[in-house]
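For reference, the chains in residue letters:
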Amino acid sequence: AQSVSQHNHHVILSEAASLELGCNYSYGGTVNLFWYVQYPGQHLQLLLKYFSGDPLVKGIKGFEAEFIKSKFSFNLRKPSVQWSDTAEYFCAVNAPRGSARQLTFGSGTQLTVLP
Amino acid sequence: EAGVAQSPRYKIIEKRQSVAFWCNPISGHATLYWYQQILGQGPKLLIQFQNNGVVDDSQLPKDRFSAERLKGVDSTLKIQPAKLEDSAVYLCASTWGGMQTQYFGPGTRLLVL
């Protein structure tokens, strides 16, 4: 079964600092990759996704992620974080499980941005 | 476009009681999912429906959990009887098909005492 690892459980940054959140997955076949974000008091929402093509994908609010197939990684980046980026970030992989495709989530990274 | 609706938002019950959660997916979405998110962990899939049929329920604890989507639209998830370890947020998500982006509801936060 596929698994997803997020290396950092809690990251604390000051505003304007650069961000990189790590994500590695275990499945060796074709995958779809996602980053979801959950702002305080809100529901999970899509930040960005990779299905195919350019491995560098851009999402909302200035976030981007790079798919490196050889490293089974899909790291999330932002050049300059803002206080409003404080949230929990989840990496997820959509891969086959039996006859269906299933979304498997990492354990999440809590990002706190200090003003 | 209306999002995924869930109710109730919060529920507190005692162990061994039963509880039910309701989900109404985005209109036209054929695939519906129920996830369990325990504090400090990512969501874990419990069951996946395609229209009114079950696609995958391999991670659903069937001795106490059940789910249905009788008319292929809204769905209910039931726990009977509840255990302390069932305390979690139960998320519903929907999508057009299995490979597409899943849209999540606000979740139901369950506390079992």
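Just so you know, these numbers come straight off a predicted model, no measurement behind them.

(A) Focus on the overall build of chain B. Tallying secondary structure elements over chain B gives zero helices and eleven strands in all. Along chain B, helices and strands appear, N-terminal first, in the series β-β-β-β-β-β-β-β-β-β-β. With the principal axes as the frame, chain B shows a C-alpha extent of 35 × 25 × 25 Å. Within chain B, the proportion of its 113 residues that are buried is 46%. In chain B, the proportion of contacts linking residues at least 24 apart, taken out of those at least 6 apart, comes to 53%.

(B) The packing of aromatic side chains, seen in detail. For the structure on display, the rule yields 15 aromatic pairs over all chains. Look at Tyr36 of chain A and Phe104 of chain B: their rings are 5.4 Å apart centre to centre, the planes differ by 85 degrees, and that puts the pair in the edge-to-face class. Residue Tyr36 of chain A is located in strand β5 (residues 32–38), and its partner Phe104 of chain B is located in strand β10 (residues 103–104); the two belong to separate chains. With respect to burial, Tyr36 of chain A and Phe104 of chain B carry one shared label: buried. Here the aromatic cluster, defined as three or more aromatic residues joined through ring pairs, consists of Phe34, Tyr36, Phe51, Phe90 and Phe105 of chain A together with Tyr33, Tyr35 and Phe104 of chain B. The cationic tip of Lys49 of chain A hangs over the ring face of Phe51 of chain A; the distance from NZ or CZ to the ring centre is 5.3 Å.

(C) A look at the interface of chain A and chain B. Contact with chain A, which involves 19 residues of that partner, is made by 21 residues of chain B. Taking both partners together, chain A and chain B bury about 1,600 Å²; carbon and sulfur atoms supply 51% of that area. Our count for the contact surface shared by chain A and chain B stands at four residue pairs in polar contact (both at pLDDT 80 or more). Tallied by class, residues from the side of chain A that touches chain B come to nine nonpolar, seven polar and three charged.

(D) Structural detail: unusual backbone geometry. Pro8 of chain B follows Ser7 of chain B through a cis peptide bond whose omega is -5 degrees. By the secondary structure assignment, Pro8 of chain B is in the loop between β1 (5–7) and β2 (10–13). Look at the link from Gln80 of chain B to Pro81 of chain B: it is a cis peptide, with omega at -5 degrees. Take Pro81 of chain B: it is sitting in the loop between β8 (75–79) and β9 (88–95). Unlike most non-glycine residues, Phe72 of chain A shows phi in positive territory, near 50 degrees.

About the thresholds
Residues numbered from 1 in each chain as written. Chains lettered and ligands numbered in written order. Predicted model: local features only at pLDDT ≥ 70, side-chain atom pairs only at ≥ 80, totals over all residues. Heavy atoms only, no water. Helix = DSSP H or I, 4+ residues; strand = E, 2+ residues; numbered from the N terminus. Buried < 20%, exposed > 50% of the residue type's maximum accessible area, 1.4 Å probe, protein only. Contact = heavy atoms within 4.5 Å. Phe/Tyr/Trp six-rings, centres within 6.5 Å; stacked < 30°, edge-to-face > 60°. Lys NZ or Arg CZ within 6 Å of the ring centre and 35° of its normal. Buried area = accessible area lost by both parts, 1.4 Å probe. Polar contact = N/O pair within 3.5 Å; in protein donor to acceptor, adjacent residues only side chain to side chain. Nonpolar A, V, L, I, M, F, W, Y, C, P; charged D, E, K, R; others polar.

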